[in-house]
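# Remarks on the overall topology
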Amino acid sequence: MRIAVSFVAALLFAAPAWSQSLKPETPAPLKAGINTGTVDNFVGTHYWYFMGGPGKVHVHAQFKPMGLLGNNFKSSITVSLSDEKHTWSTPKVLSSDSKIVDGSFDGDLKAPTKVIVTVAPPTGGLVRMGGDYQLEVTGAATFGPQSSADPVVGMYKEMNGYTNDLGDCKFIADGTVESTSGTNGKWKLFDKDSQTYVVDIEGQQRHSLQFHAGRGLCDGDIIFFQLLR
């Protein structure tokens, strides 16, 4: 596949992303239009897929790095496209210290192909590195079914916000929270457009948090519940 890079003047990263995967064996389906996410080195790589071909396919990726303590901080992500068996792969590194950067992938697929898209943050490091990204696929492409489940349902590790350590926490579809510490609670969607949730843990603080796909439940840049799967 041939790679072309261009720069844009403006971008909105506010559109919610309702699905993502942290597991390479089960990538999440991209949807038509813009898909957004936040990736960092403490959580790990995001995995997506779409069905491409036969015909020309265009994949557009954009990246805006996260800051560090309110200051600009240079970071990068690696966006890669491959077939399901990894007989070919086309990685592209997007790097910036503050500005939005973008890159494009163009290819002409001769047969229907499940195309895997990975978004990888920098490896290692003692501080969080990564940022916000967008993916959009156009051309000869179709997309898998989107899950009807609430995106917050899953396993998390409690990182901040509570006096007592909750350990690993399971957000269950019935609106309850179970933790390995034995302290349980409830969650409720407050605003779908901003993906804001209210999390109420028994005998502890009640928080209003925003769900970031592939990252977890956050208050600004602080992760309260880090997504595990």
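Note that the structure is a prediction, hence the values are computed from the model and not measured.

Per the secondary structure count, the protein includes 0 helices and 17 strands. Within the protein, the fraction of its 229 residues that count as buried is 48%. For the protein, the accessible surface area stands at approximately 11400 Å², while carbon and sulfur atoms represent 53% of it. One way to put it: in the protein the 20 positive side-chain charges average out to a point 5 Å from where the 22 negative ones average out.

Applying the stated criterion to the full structure yields 4 aromatic pairs. Ring pairs connect the aromatic residues Tyr-156, Tyr-162, Phe-171 and Phe-225, which therefore count as one cluster. Note that Lys-114 overlies the ring of Tyr-49, its terminal NZ or CZ placed 4.5 Å from the centroid.

The predicted model of the protein has a mean per-residue pLDDT of 88, with 91% of residues at 70 or higher. Predicted confidence is poor over residues 1-18, with pLDDT under 50, and the contacts of this stretch with residues over four places away or in other chains come to 53 contacts.

It is worth spelling out the pairing of strand β14 (residues 196-201) at this point. Of all the 6 residues making up β14, 5 are buried; the element is thus mostly covered by neighbouring parts of the structure. Linking two consecutive strands that pair antiparallel, namely strand β13 (residues 185-191) and β14, is a turn of 4 residues; a positive phi of about 55° is found at Gln-195 within it. Relative to strand β15 (residues 206-212), β14 runs antiparallel, the two sharing 5 bridges. Bridge pairing in β15 places Tyr-197 opposite Leu-209.

Counting 23 residues, the largest nonpolar core has Trp-48, Phe-50, Ile-77, Val-79, Val-117 and Leu-135 as its most contacted members. Contributions of two or more residues to this core are made by β4 (46-65), β5 (75-83), β7 (101-109), β8 (113-120) and β9 (130-142). Among the elements that line this core, the one with the most residues is β4, at 6 residues. Every residue in contact with Val-79, bar those within four places of it in the chain, is listed here: Ala-61, Thr-90, Pro-91, Lys-92, Leu-94, Phe-105, Val-117, Thr-118 and Leu-135.

Rules behind the numbers
Residues numbered from 1 in each chain as written. Predicted model: local features only at pLDDT ≥ 70, side-chain atom pairs only at ≥ 80, totals over all residues. Heavy atoms only, no water. Helix = DSSP H or I, 4+ residues; strand = E, 2+ residues; numbered from the N terminus. Buried < 20%, exposed > 50% of the residue type's maximum accessible area, 1.4 Å probe, protein only. Areas by Shrake-Rupley, 256 points an atom, 1.4 Å probe, with all protein chains shown as cover. Lys, Arg positive; Asp, Glu negative; His and termini not counted. Charge placed at Lys NZ, Arg CZ, Asp CG, Glu CD. Phe/Tyr/Trp six-rings, centres within 6.5 Å; stacked < 30°, edge-to-face > 60°. Lys NZ or Arg CZ within 6 Å of the ring centre and 35° of its normal. pLDDT = per-residue confidence, 0-100. Contact = heavy atoms within 4.5 Å. Pairing = 2+ DSSP bridges. Core = buried A, V, L, I, M, F, W, Y, C linked by side-chain atoms within 4.5 Å.

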